[in-house]
Amino acid sequence: MSNNRLLVQLKQELESTQSGSWHEVAAWIAKATPIIQRYYPHDLVYFQRIAVAPPRLGLPRVGGLRSTFKNDVSLAFDALNDKATASEQRTNHQRIDHPKNKILNFLDGLIVLEINSLIQGSDVMNELEGLANPILMQGVAFLFNEVKEILAERRKSRADRKEPDDTPILSTGLQTAEEVLNLKPKEVRLNDINEEIKHCINMIERYRKNQRYAEAAIQQFGNIFQAPPIKRSELEDAEKSIQEYAQRLKNTIEKVYGHKISIVGLL
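Residue indices follow the written sequence of each chain, beginning from 1 at its first position. In keeping with the model being predicted, local features are shown solely for residues with a pLDDT of at least 70 and side-chain atom pairs are shown and tallied solely at 80 or more, while totals for entire chains, interfaces and linings include all residues. The basis for every side-chain value is the complete set of non-hydrogen atoms in the structure, without hydrogens or water.

Before going further, it helps to examine the overall build of the chain. A count of helices and strands for the chain gives nine helices and zero strands. Per the convention used, a helix needs a DSSP run of H or I reaching at least four residues, while a strand needs a run of E reaching at least two, with both numbered from the N terminus. Reading the helices (α) and strands (β) of the chain from amino to carboxyl end gives α-α-α-α-α-α-α-α-α. The buried share of the chain, taken over its 267 residues, is 46%. We call two residues in contact when some of their heavy atoms are within 4.5 Å. The contacts of the chain with a sequence gap of at least 6 include a subset with a gap of at least 24, amounting to 76%. Using a 1.4 Å probe on the protein chains alone, a residue whose accessible area is under 20% of its type maximum counts as buried, one over 50% counts as exposed, and one in between counts as partly exposed.

What follows is the structure in structure tokens.
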């Protein structure tokens, strides 16, 4: 079986896991790790970094154990606890799907790499090494998948907080990862480019984690309007930092390919 077919099979198996089920994702990771280690050893560290269980949200309960004796107070406690349980389940399912989507994006990058390797001859690949640069491909996939998802969540979060829409006017440009990856890179200083892409992705992931923690803290107070101002400030700072590094990532990839890219939420 070719590497490309093997990657496609792994991707299909991961896509078929039940949404919100880390047990199934963990079983898939156990199977995929030796395959990545054998065929893509240079990408193993990144794979192991994204293929980790997310922290689970645990909200406090009120009133102790659920009692068979019911009155207005116990019924109110039960309702609050049921709401907390539903919120936990919803958030934990979303948290589990987040690393799963990151792994799918990672596999997409490897698949594109394999396809380009088949299409391009070795001499051409030496001349245009950027076409098969895995970090550059990761950056493109990350921008068009995770960054777009994060910015969409930010717009929804701002709407829920009744804040004005600050989305910049959408510029014309390339709109899919496939369009970008089909281009010949124009920027040849790939070492500097690789470091900038890795830095942007690392910082986005770091502030993304800060954002999750702030959101979990706010949920314990009911909603953002009831939470202390410091918690709202932490959330807004994380969202702002994510947007800044997302813009840097977009600018870097545009520089490499010499074409404008169109992403809702970025200039």
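A few words on the environment of Trp 28. Looking at where Trp 28 falls in the secondary structure, it is placed in helix α2 (residues 22-39). Residue classification places Trp 28 among the buried positions, given a relative accessible area of 5%. Remark: the alpha-carbon pair of Trp 28 and Glu 13, spanning 15 residues in sequence, is separated by 7.6 Å. Ignoring sequence-local partners within four residues, the contact set of Trp 28 consists of Leu 10, Glu 13, Leu 14, Phe 47, Ile 103 and Leu 107.

Here a Phe, Tyr or Trp ring, Trp counted by its six-membered ring, pairs with any other such ring whose centre lies within 6.5 Å, and the pair is stacked when the planes are under 30 degrees apart, edge-to-face when over 60, and tilted otherwise. Taken as a whole, this structure holds four aromatic pairs when the rule is applied. When the centroid spacing of 5.8 Å and the interplanar angle of 40° are considered together, the rings of Tyr 46 and Phe 106 count as tilted. Here Tyr 46, found in helix α3 (residues 44-50), pairs with Phe 106, found in helix α4 (residues 72-119); they are 60 residues apart in sequence, far enough to count as distant. Taken as a pair, Tyr 46 and Phe 106 share a single burial class, namely buried.

This part is about helix α6 (residues 134-160). Expected span of a helix, by definition, is 1.5 Å for each gap between consecutive residues, and there is one gap fewer than residues. Between its first and last C-alpha atoms α6 spans 38 Å; for 27 residues at 1.5 Å apiece the expected length is 39 Å, and the two agree. Values of bend correspond, residue by residue, to the angle between axes fitted over the seven residues ending at that residue and the seven starting there. Considering bend angle alone, the principal kink of α6 is centred on Phe 142 and spans about 40°. Following α6 by one or two positions, Lys 162 has its phi on the positive side, about 60°.

Moving on to the environment of Arg 206. By the element assignment, Arg 206 lies in helix α8 (residues 190-219). Linking Arg 206 and Ser 241, residues 35 residues apart in sequence, is a C-alpha distance of 9.7 Å.

Low-confidence regions, as indicated by low pLDDT, have predicted coordinates that should not be scrutinised in detail. You can read pLDDT as the predictor saying how much it trusts each residue, on a scale of 0 to 100. Mean pLDDT over the chain: 82, with 87% of residues reaching 70 or higher. When mean pLDDT is compared element by element in the chain, α2 scores highest at 92, while helix α5 (residues 122-127) scores lowest at 41. Between residues 119-132, whose pLDDT stays under 50, and residues either more than four places distant or in other chains, the model counts 18 contacts.

Running from amino to carboxyl end, α6 crosses helix α9 (residues 229-257) at an angle of 145°, the nearest separation of the two axes being 10 Å. The way α6 lies across α9 gives a crossing that is left-handed. Here Leu 136, Gly 139, Val 140, Phe 142, Leu 143, Val 147, Ile 150, Leu 151, Arg 154 and Ser 157 of α6 lie close against α9, whose contacting residues are Leu 235, Glu 239, Ile 242, Gln 243, Ala 246, Leu 249, Lys 250, Ile 253, Val 256 and Tyr 257. Its residues assigned to classes, the contact of α6 with α9 comprises 14 nonpolar, three polar and three charged. Axis lines are fitted through C-alpha atoms, for helices just across the contact stretch, and the angle between N-to-C directions can take any value from 0 to 180 degrees. Left-handed describes a crossing whose near helix is turned anticlockwise from the far helix through less than a right angle; right-handed describes the clockwise counterpart. Each residue receives one of three labels: charged for Asp, Glu, Lys and Arg, nonpolar for Ala, Val, Leu, Ile, Met, Phe, Trp, Tyr, Cys and Pro, and polar for the others, Gly being one of them.

With that out of the way, let us pick up empty space enclosed by the protein. Grid points spaced at 1 Å over the protein atoms alone were grouped into cavities, where a 1.4 Å probe fits but cannot get out, and pockets, open sets with protein on both sides within 12 Å along at least five of seven lines, with lining residues defined by an atom within 4 Å of a point. Grid points are joined across faces, edges and corners, and a volume is the space filled by probe spheres set on the points. On inspection of all chains with the given rule, the structure shows three cavities of 30 Å³ or more. Reported here for the largest cavity is a volume of approximately 60 Å³. What lines the largest cavity is Tyr 46, Ile 50, Lys 102, Asn 105, Phe 106, Gly 109, Gln 138, Ala 141, Phe 142 and Glu 146. Elements supplying a minimum of two residues to the lining of the largest cavity: α3, α4 and α6. Considered class by class, the residues forming the lining of the largest cavity number five nonpolar, three polar and two charged. Put simply, the second largest cavity is a space of about 40 Å³. Around the second largest cavity, the lining residues are Leu 151, Arg 154, Arg 155, Asp 166, Thr 167, Pro 168, Gln 243 and Gly 265. Broken down by class, the residue content of the lining of the second largest cavity amounts to two nonpolar, three polar and three charged.

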